[in-house]
Amino acid sequence: MQKHVMSLVGFSSASEIAAYKTAFPSMHYELSYKMSEKLLSEVSPLLAGRIASVHACCPALPIFPNFGSHDEQVIAQSYDAICKSFETARSCNADIVVLHPGYVCDRAMPSSNAARKQLLDDPSFSRYIVHADGAICGADYPNQDIYRYHAVQAFKQLEHVAQVARTYGVKLAVENLNPRVGYLFQTPWEMEQLAALQDVYLCLDVGHLWISSFVYEFPYLPAIQRIIETNKVVNCHLHSNATNTAAKHFSDDHHTFDKYGFPARQVLELLAGTHANLTLEMVEDFDYNTRFLLKEIAAIQHGGQE
């Protein structure tokens, strides 16, 4: 059954979350990779029975798992990290864990934006940057030997990670990332390849895919349909961004879903008929976005009548 979900990535306190829950009692929740142990312990009882998914790593850790790494220590560290999130999901009765799948390097990937940016400014990445604003790659990036080297490793590891997830009673949902150098799995065809792996499910991030559609020049809405047709999409991250190719601006803003002329209604029309959870993952205007989602889904279900 499809759930309407609010990601807690933009919330900073238990009181803020409690107020939102009071305003929107029908909503479910995705625990965030930014949540401290303290915040997690405060909100877990508050949201009991309403937690649909967990975004790794939760509770927050200094690193994101990097299953594209060939460094045995980093791989071991990544398994330890993801298992903590599997345990969080099991303890909260959530059945989905969302994972950023891996990176084009052997190093551990810092979870803080500032530290991650510093790492990706390294010359080993900068040679592949086409648009400096956002460190955006070119369309040939997935064909580079270095990218393939780490992608093959990630495919191999992720199938095993998914099997581990099963032992915790949860589904591993691998998320498509935005087209930034150092990030793996940015395109619809890569998501199709991931979907072919046993026990691997997908988290379709429509904002990330929007940016990728400009970099890789594929038609956006048909790409969403392609990914849906894998029958592996169990979660969707909904947000918009100010990407504008005329100005050569590419940004992963996680802003209001119908901002910047983003085709939010058309996206929801494609997703409404699936069983995938619809997860609002923005950092602003939580009440407005919730009302927008619920209203649009109701209109779609009633044949477009307001």
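Look up a bit, the structure's there.
Treat the numbers as computed from the prediction; the structure is a model and nothing was measured. (Residues numbered from 1 in each chain as written. Predicted model: local features only at pLDDT ≥ 70, side-chain atom pairs only at ≥ 80, totals over all residues. Heavy atoms only, no water.)

A. Molecular detail of the packing of helix 8 (residues 206-216) against helix 9 (residues 220-228). Interaxial distance between helix 8 and helix 9 falls to 10 Å at its minimum, and their mutual angle equals 130°. On the basis of their axis angle, the class for helix 8 and helix 9 is oblique. Here helix 8 runs over helix 9; the crossing is right-handed. Facing helix 8, whose interface residues are Val-206, Leu-209, Trp-210 and Ser-213, helix 9 presents Tyr-220, Ala-223, Ile-224 and Ile-227. Across the contact of helix 8 with helix 9, the residue classes break down as seven nonpolar, one polar and no charged. (Axes fitted to C-alpha atoms, helices over the stretch in contact; angles between N-to-C directions. Helix = DSSP H or I, 4+ residues; strand = E, 2+ residues; numbered from the N terminus. Parallel < 35°, antiparallel > 145°, perpendicular 65-115°, else oblique. Left-handed = near helix turned anticlockwise from the far one by under 90°. Contact = heavy atoms within 4.5 Å. Nonpolar A, V, L, I, M, F, W, Y, C, P; charged D, E, K, R; others polar.)

B. Just the sheet that holds strand 5 (residues 96-99), in detail. Strand order in this closed barrel of eight strands is 1-2-3-5-9-10-11-12, and the pairing throughout is parallel. Averaged over all neighbouring strand pairs, the angle between strand axes comes to 30°, with direction disregarded. When strand 10 (residues 200-205) meets strand 11 (residues 233-238), the two strands line up parallel, connected through four bridges. Residue Cys-203 lies in a different strand from strand 11, and its bridge partner there is Asn-235. The strands touched by helix 7 (residues 188-195) within the sheet are strand 9 (171-175) and strand 10, with strand 10 carrying the most contacts at an inclination of about 155°. Contacts between helix 8 and the sheet are confined to strand 9, strand 10 and strand 11, with strand 10 contributing the most and set at about 70° to the helix. (Pairing = 2+ DSSP bridges.)

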